[in-house]
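Coordinate inspection notes
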Amino acid sequence: MFSCPVSSINPNVYGGDGTILRLFYQDPDGANNAFKVEASLKSFAKSNGAYNTQVCKVTSNKRGSWQVSSDVCDSIDMDANIYWVEVVIKRAQPSNSVVEFNGVSLESAIF
């Protein structure tokens, strides 16, 4: 597991409802249940440090070349909260290849 702080959101991305957490990775040989990649957007309230629960989470176990999975997040308020993304890569069976994590993004949903 590793984590990364979210210091700001691109001004071209609307931070309210409809923000998407998108996960980019590849697994060249894993069977559907041999591995799992998760990315979770989490937050703390700036006012009192309270954990605000998970904002959104992407979980995928698709194999093959580069994959993209996404989830629509609850409202994001950078003024009121501190955000970070936690990524977990799990492999349940041995393999000669590696799951490659490429990154995550926060994007506006286009309706």
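The paragraphs below set out a description of the structure included in this document. (Residues numbered from 1 in each chain as written. Predicted model: local features only at pLDDT ≥ 70, side-chain atom pairs only at ≥ 80, totals over all residues. Heavy atoms only, no water.)

Glancing now at the side chain of glutamate 86. Mapped onto the fold, glutamate 86 is located in strand β6 (residues 81-91). According to the relative accessible area criterion, glutamate 86 is buried, its value standing at 17%. Only 3.0 Å separates the side chain of glutamate 86 from the side chain of lysine 42, close enough to count as a polar contact. Ignoring any residue separated from it by four or fewer positions in sequence, one finds glutamate 86 in contact with Met1, Phe2, Ser3, Glu38, Ala39, Ser40 and Lys42. (Helix = DSSP H or I, 4+ residues; strand = E, 2+ residues; numbered from the N terminus. Buried < 20%, exposed > 50% of the residue type's maximum accessible area, 1.4 Å probe, protein only. Polar contact = N/O pair within 3.5 Å; in protein donor to acceptor, adjacent residues only side chain to side chain. Contact = heavy atoms within 4.5 Å.)

A word on the environment of isoleucine 20. Tracing the sequence through the fold places isoleucine 20 in strand β2 (residues 19-27). Its relative accessible area of 11% is what places isoleucine 20 among the buried residues.

Per the stated rule, a full pass over the model turns up 3 salt bridges. Between glutamate 38 and lysine 57 there is a salt bridge; the shortest N-O distance is 3.7 Å. Here glutamate 38, found in strand β3 (residues 35-45), pairs with lysine 57, found in strand β4 (residues 51-60); they are 19 residues apart in sequence, far enough to count as distant. Relative accessible area serves as the criterion here: at 12%, glutamate 38 is assigned to the buried category. With relative accessibility at 32%, the residue lysine 57 sits in the partly exposed group. Within the structure, one salt-bridge network assembled from shared partners comprises Lys36, Glu38 and Lys57. (Salt bridge = Lys/Arg side-chain N within 4 Å of Asp/Glu carboxyl O.)

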